[in-house]
Each structure stands twice: as C-alpha cells, then as structure tokens.
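Next come the chains, spelled out residue by residue.
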Amino acid sequence: MNAPRSNRVYCFGEALIDFHGTPAGPAPVFTAHAGGAPANVAVAIAKLGGRAAFVGMFGRDMFGDLLLRELAAAGVDTAHARRTAAANTALAFVAHDAHGERSFSFYRPPSADLLFRDADFDADVFAADSVFHAGSCSLTDSPSAEATLSGMRRARAAGALVSFDMNLRPALWRGGDPAPKLWQALALADLVKLSAEELAFLADAAGSERAAIEKLWRSHTRLLVVTDGERAIRWFTPDARGESAAFEVRAIDTTAAGDAFVGGLLHRLVRAGIGASALAAFAADAAQRDAALRFAAACGALAVTRKGSFAAMPTQDEANVFLEQHA
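The structure presented is a predicted model; accordingly, all values stated were derived computationally and were not measured. (Residues numbered from 1 in each chain as written. Predicted model: local features only at pLDDT ≥ 70, side-chain atom pairs only at ≥ 80, totals over all residues. Heavy atoms only, no water.)

Engineer: Mind showing me how you'd approach the packing of helix α7 (residues 257–271) against helix α9 (residues 286–304) here?
Structural biologist: The axes of two packed helices give the description: the angle between them and the distance between them. For the pair α7 and α9, interaxial distance at closest approach is 7 Å and the crossing angle is 145°. In this structure, α7 meets α9 at a crossing whose hand is right-handed. Contact residues: α7 offers A257, A260, F261, G264, L265, H267 and R268, while α9 offers A291, A292, L293, F295, A296, A297, C299, G300, A303 and V304. (Axes fitted to C-alpha atoms, helices over the stretch in contact; angles between N-to-C directions. Helix = DSSP H or I, 4+ residues; strand = E, 2+ residues; numbered from the N terminus. Left-handed = near helix turned anticlockwise from the far one by under 90°. Contact = heavy atoms within 4.5 Å.)

In structure tokens:
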C-alpha cells in the first residue's frame, strides 16, 4: 500500500563536510564529500523516491552553500533549514583501512549545526502522518541537545513516528558520560537503530544487554534493530526477537552504511503507511518486517561499495536489481 503523498520523513541534526583521505606521498590528499548522518538518511530516502526534508542549521560559508546545493540536488526539501553567521559548518576528516572501515577526526565544536534552537523549528515539521528522525551527534552540546529532545517530544505529541539512530561518536562528547543524555532520547523513540558496538555500550551502562533492551520497552520503543556489518541483523520487539541475514559485499567505504540502512527502512515504513500506532503490528508481521529489513540491508550493502556519503546512496531501481541478484 502506498502512503499518502503528505507523508514525509523529517531528518533533524547535523550536516557536515566529510573530507575523505587518499594516500599520496608523505601526506594524504583529502576530497570533500557532503555528509552528516541525518542528512545522509534524508538523501537516502529521496534517492529511493521518498519524500524527505532536512531540518538543521548551516553556516553562512562555502561549505554550508555546498551542503544545501547537494541536498537540493538529491531531492531533499531544505525549506526547514536555517543559517547562521555565528559559526562555520562542521568538518570531519575521514581515514579508511584496507577493509573500508573508517575513523574520524572532527572539527566541531564550535559549528553551525550546534546552534539550532527549539524556536528554529517550523510548526509544520510536526505532523501525525510524518516521521521525525534524529541521532546522537546533536545531543553533544547545548542548545542543540535541548532542541533535539524537544523536537522528539513535539513529534510524539503530534502523533508522528519517532526514529532514533544512536550513531555514537565518543570523540564528540568531550568528557562526561553520554549515557544519561542518550537514554533521554532513546526513551522518546518508537524505532531505535543501533550498531552492535552501540548496544554493547548501552549494555555496559545498564549492567547487561538484556537490561538495556528491557529499559527500551519501558518507554515508547516498539522495534529495535541492531546492525553488525556483514553479520546478521538482529531485531527485537517487546514480545519477540530474531535475525535477518545481511549481504556480503566488497566494502570500499563504510562511512554511510548505517545511514543507507536507516533510510531504506524508513522509506519502506512510509510506503507501507506505517505510523507510530501501527509499528508494533508491523514488527510482529514476519513477512512485512523481514522484507523491510532485507531491503534496508540491500541499501546498506550497496552504499559500502561506493565512495562518499550522499553519492553512495542507491536508487530504488539499484536496490531492486541488487535484491534480484541476491534472491
């Protein structure tokens, strides 16, 4: 069933420039790529043919210009974005090992994305037939942390489906324990996506993996999805758990793999007309759930075979062909 055209995924948080390094003599050569986890998710959905909007703050600099151009070129609605001259756009320098796994060096804060305030939200971002998606990088500093939590609360109050991809980057937290702030956001999410390492982090804070997962069920979460590279995807609901196979591909760049996965999953939810109230039934329907996870896994697998972030996101046709080839 196709969702009404009014359905849209609003992706809130950071958009930044990823400088990808290539070895070249005594020092690497860095190439600029548009990125940032929530922005990547928005691009992933738009390239799949969905309706996505990016909500966040950009610097009034050449990198802010570049990001807005690239988002618009991908088909992402940027009408809800804001700009500031008080800080520059965030930068991240990315190195890759022989298997495409990445490590980051961030130039943030100060950066423009951290200056988004609750008052900067447009009221029409919060609608019952929409999805509000966020991650943890906007929780690392004020006022963006307060804006993130407020946005999630306002989306919940409007009846939207709230999605949270933890996307933990410990280097951004500058001392202190991120767990309390993370749990505030997790408690507001209907759908939670974690990596295996992030689940281990929460398990360590909660005392065990089981305790961490049970803590999610005491709030609003009705579906937890845990990815682990080429290993099986684990899914959890309050009443069941299971696994879904991932795809084995030759990885070139894993930078946006998780974002491609999330974009694919949210796209399938919106296409099926799944909102917050229907998520539990969707998660209990093996055929729907497994098909959506397989599609999301295909999007993630395709993304790691390409360089960049925005540029790595597959189209619907590419994902369909990949699935046919791996039937």
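After that view, the rundown keeps rolling.
Engineer: Is there a simple way to explain the side chain of N167 in this structure?
Structural biologist: Along the chain, the position of N167 falls in the loop between β10 (161–165) and α4 (179–186). Judged by its relative accessible area of 11%, N167 falls in the buried class. (Buried < 20%, exposed > 50% of the residue type's maximum accessible area, 1.4 Å probe, protein only.)

Engineer: In this structure, what is going on with the sheet that holds strand β14 (residues 241–244)? I would like to understand it.
Structural biologist: Note: strands within a sheet are paired through backbone hydrogen bonds, in either parallel or antiparallel orientation. Pairing within the open sheet is mixed, and its eight strands lie in the order β4-β1-β9-β10-β11-β12-β13-β14. Every interior strand has two partners, whereas the edge strands, β4 (52–55) and β14, have only one. Going across the sheet, the axis of each strand differs from the next one's by a mean of 20°, ignoring polarity. Two elements, strand β1 (residues 9–12) and strand β9 (residues 131–135), share three bridges in a ladder whose sense is parallel. Its bridge partner being in β9, Y10 is matched across the sheet by F132. (Pairing = 2+ DSSP bridges.)

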